[in-house]
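Each chain, letter by letter, is given below.
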Amino acid sequence: MNTDWTRIVGHKNNIEKLQQMVEENRLPHALLFTGQEGIGKSLIAEALATSLLCKENKNGVPCGKCPACVGMSNDTHPDFYRLVPMTKNEYEGKPEKSATAKRILRIEQMRDMQERASRVPVLSERSVIIIEGVETMQEAAANSILKTIEEPEGPVVFILITSHPAFLLDTIRSRCMIMEFGILSDEEIMGYLQNQGITEFVARGLASLADGSIGRAVTLQGERLQELHGEAIKLLTDLPIMTNERIWKQGEVMEKWSREDLKEWLGFLAMIFRDMLLLYTGQGTGLYNQKDNEALGRLLRKYSTRKVDAMLKLVLACQFRFIRSNVNIRLTIEAFLIRLKDIHTGGF
Ligand SMILES: [Zn+2]
């Protein structure tokens, strides 16, 4: 676990604010961290948790030596608890064989968490509970913890984390102090990658595709992500001449993709649309890759701003369906492509 503030790239203002709040002992008992995936929200939550659990912390920085700090770096601190979205099998401790099984924060996990939150802390002055992927929480699960978050029985700090704040239930949002984390600059991402031994040239290319996220830059090194980015560009290039037969075929192919791939593919579509909107307003994009710039330039001629805007909204709605409900992948993709084509041919 990350117990060290100095390992975090960027987010200087937010980090200073959090450290100051720890120092002055005025941190609210429920925080909500929002911002894109892979920018360091979890690392920051871990460092903050360590600061809150360390009795020797100075100016919000943990000492690194006390039993609490050692417990945090070994993942054995008894007053620290973390929840992540799980499939039913994972929750029951069985191996998950299905690539398409949905991970959500389950109501059973909420009950376990509530039991933990009511315990008296053993090593530190309080407990800290991190809840990742809060947007996957369904209504019943969310309702079951509202009271705990609002008025915990014991000394507990909750750190909720989401990369999709728009999909979050209002009842949860309204009970937390929200802290937004922006995307990282290309320079920050490049600096990180170069520190990992990646050459400047490659680091620049990865940073330009990473959409402000170190996590994405790192996974982009894997070829599958670059393939998915290519698939997203290809879809938009082909859309104007796409027949219904081709759409059915696409649905058939994509039905076999993993949920993770579908999520990345939709993420790339959203990123391309956002880049196009920036190009329209003359702001340019951070795109370094000349090939992508040319592809985007060609796309711009085929798509008006209003179309791009409508398509971006459609992508977000589709992401929402994949995240929150158990949809039929093939039907959803086909309906998505048909709607995309409608927008393209429609009177926008
Ligand atoms: Zn300490």
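Residue positions are counted from 1 within each chain, in the order its sequence is given. Reporting of local features is limited, given that this is a predicted model, to residues whose pLDDT is at least 70; pairs of side-chain atoms are given and counted only at 80 or more, and all residues count toward the totals for whole chains, interfaces and linings. The side-chain quantities take in all heavy atoms of the structure and omit both hydrogens and water.

For the rest of this paragraph, the subject is helix H5 (residues 107-117). Exposure classes here rest on a 1.4 Å probe applied to the protein chains alone. A residue is buried below 20% of its type maximum, exposed above 50%, and partly exposed in between. Helix and strand assignments come from DSSP, with helices taken as H or I runs of at least 4 residues and strands as E runs of at least 2, each series counted from the N terminus. Along H5, the residues classified as buried are Gln109, Met110, Met113, Arg116 and Ala117. End-on view of H5: buried residues confined to an arc of 120°, all on one side of the axis. Contacts from the buried residues of H5 go to strand S2 (80-83), helix H4 (88-91), strand S3 (127-131), helix H6 (139-150) and strand S4 (156-162). Note that the arc is defined by the directions from the helix axis to the C-beta atoms. Whether two residues are in contact is decided by their heavy atoms, any of which lying within 4.5 Å being enough.

Taking strand neighbours across the sheet as the criterion, the 5 strands line up as S2-S3-S4-S1-S5 in an open arrangement whose pairing is parallel. Taken across any chain shown, the strands that pair with only one partner, and hence form the sheet edges, are S2 and strand S5 (177-180). Each neighbouring strand pair of the sheet contributes to a mean axis angle of 15°, computed without reference to strand direction. Two strands qualify as a pair provided that DSSP identifies no fewer than 2 bridges between them. Where S3 lies against S4, 5 bridges are found, and the strand directions are parallel. Axis definition: a line fitted to C-alpha atoms, limited for helices to the stretch in contact. Angles are taken between N-to-C directions and run from 0 to 180 degrees.

As a further point, take the pattern of salt bridges. We define a salt bridge as a contact between a side-chain nitrogen of Lys or Arg and a carboxyl oxygen of Asp or Glu at a distance within 4 Å. Overall, the coordinates contain 20 salt bridges when judged by the stated rule. With a shortest N-O distance of 3.4 Å, Glu16 and Lys12 are connected by a salt bridge. Taken together, the residues span about one helical turn, with Glu16 and Lys12 both in helix H1 (residues 12-23) at a distance of 4 residues. What makes Glu16 partly exposed here is its relative accessible area of 39%. The partner of Lys94 in a salt bridge is Glu92, and the shortest N-O contact between them spans 2.9 Å. One connected set of salt bridges, linked through shared partners, spans Glu252, Glu255, Arg330 and Glu334.

The accessible area lost on association of the parts is a frequent measure of interface size. Marked domain ranges trace back to an automatic or database domain assignment. Its domain assignment divides the protein chain into domain 1 (5-180), domain 2 (185-214) and domain 3 (222-345). Between the C-alpha centres of domain 1 and domain 3 there is a distance of 33 Å. Contact residues are listed per partner, giving 13 residues for domain 1 and 14 residues for domain 3. Once two parts are put together, the accessible area they lose, assessed with a 1.4 Å probe and summed over both, is termed the buried area. Both faces combined, the contact of domain 1 with domain 3 buries some 1100 Å², and carbon together with sulfur accounts for 57% of it. Among the residues domain 1 hides against domain 3, the three largest losses belong to Thr100, Lys102 and Phe167. Together they make up 54% of the total.

A few words now on the coordination of the zinc ion. Tetrahedral coordination by four donors puts the ideal angle at the metal at 109.5 degrees, and octahedral coordination by six puts it at 90 or 180 degrees. Excluding water, the donors of a metal are its N, O and S neighbours within 2.8 Å, or within 3.2 Å for Na, K and Ca, and that exclusion means sites may look incomplete. Protein coordination at the zinc ion comes from Cys54 (SG), Cys63 (SG), Cys66 (SG) and Cys69 (SG), with a distance range of 2.3 to 2.4 Å. In this structure, the zinc ion is coordinated by 4 donor atoms arranged in tetrahedral fashion, with angles at the metal of 105 to 114°. Each donor residue of the zinc ion lies on the same chain, and together they follow the pattern C-x8-C-x2-C-x2-C. Of the residues examined, Cys63 reaches a relative accessible area of 28% and is grouped as partly exposed. Metal sites are grouped by the angles between bound donors: all angles between 85 and 135 degrees with four donors is tetrahedral, opposite donors over 155 degrees apart with the others between 65 and 115 is square planar for four donors and octahedral for six, and any other pattern is irregular.

This part covers the pairing of strand S1 (residues 30-34). The element S1 is extensively covered by neighbouring structure, given that 5 of its 5 residues are classed as buried. The alternating pattern of S1 places Ala30, Leu32 and Thr34 on one face and Leu31 and Phe33 on the opposite face, and all of these are buried. By the bridge criterion, 5 bridges tie S1 to S4 in an arrangement that is parallel. Its bridge partner lying in S4, Ala30 is registered against Phe158. Where S1 lies against S5, 4 bridges are found, and the strand directions are parallel. Looking at S5, one finds that Thr34 is bridged to Glu180.

With that out of the way, let us pick up the packing of H1 against helix H2 (residues 41-53). Relative to each other, H1 and H2 sit at 20°, their axes nearing to 10 Å. Taken together, the axis directions place H1 and H2 in an arrangement best described as roughly parallel. The handedness of the crossing between H1 and H2 comes out as right-handed. Where H1 abuts H2, its residues Ile15, Leu18 and Val22 lie against Ile44, Leu48, Ser51 and Leu52. Throughout, the ten residues Ala, Val, Leu, Ile, Met, Phe, Trp, Tyr, Cys and Pro are labelled nonpolar, Asp, Glu, Lys and Arg are labelled charged, and all others, Gly among them, are labelled polar. Considered class by class, the residues forming the contact of H1 with H2 number 6 nonpolar, 1 polar and no charged. If an angle is under 35 degrees, it is roughly parallel; if it is over 145, roughly antiparallel; if it lies from 65 to 115, roughly perpendicular; otherwise it is oblique. Put simply, a crossing is left-handed when the front helix is turned counterclockwise from the back one by less than a right angle, and right-handed when it is turned clockwise.

Here Lys65 shows up in the loop between H2 and helix H3 (67-73). On the basis of relative accessibility, which here comes to 72%, the residue Lys65 falls in the exposed class.

What follows covers empty space enclosed by the protein. Space inside and on the surface of the protein is sampled on a 1 Å grid over the protein atoms alone, with a cavity defined as a set of points where a 1.4 Å probe fits but cannot get out and a pocket as an open set with protein on both sides within 12 Å along at least 5 of 7 lines; lining residues have an atom within 4 Å of a point. Grid points are joined across faces, edges and corners, and a volume is the space filled by probe spheres set on the points. Counted by the stated rule, this structure contains 2 cavities of 30 Å³ or more. If you go around the second largest cavity, the residues you meet are His164, Lys263, Leu266, Gln319, Phe322 and Ile323. Those elements that place two or more of their residues in the lining of the second largest cavity are helix H13 (259-280) and helix H15 (305-324). Partitioned by chemical class, the residues of the lining of the second largest cavity number 3 nonpolar, 2 polar and 1 charged.

On to the side chain of Thr87, then. For Thr87, the position within the fold is in the loop between S2 and H4. A relative accessible area of 1% means that Thr87 is categorised as buried. Counted as a polar contact is a pair of N or O atoms within 3.5 Å, where, for protein atoms, one must be capable of donating a hydrogen and the other of accepting one, and residues adjacent in sequence contribute only when both atoms are in side chains. Among the polar contacts made by the side chain of Thr87, one reaches the side chain of Glu96 at a distance of 2.6 Å.

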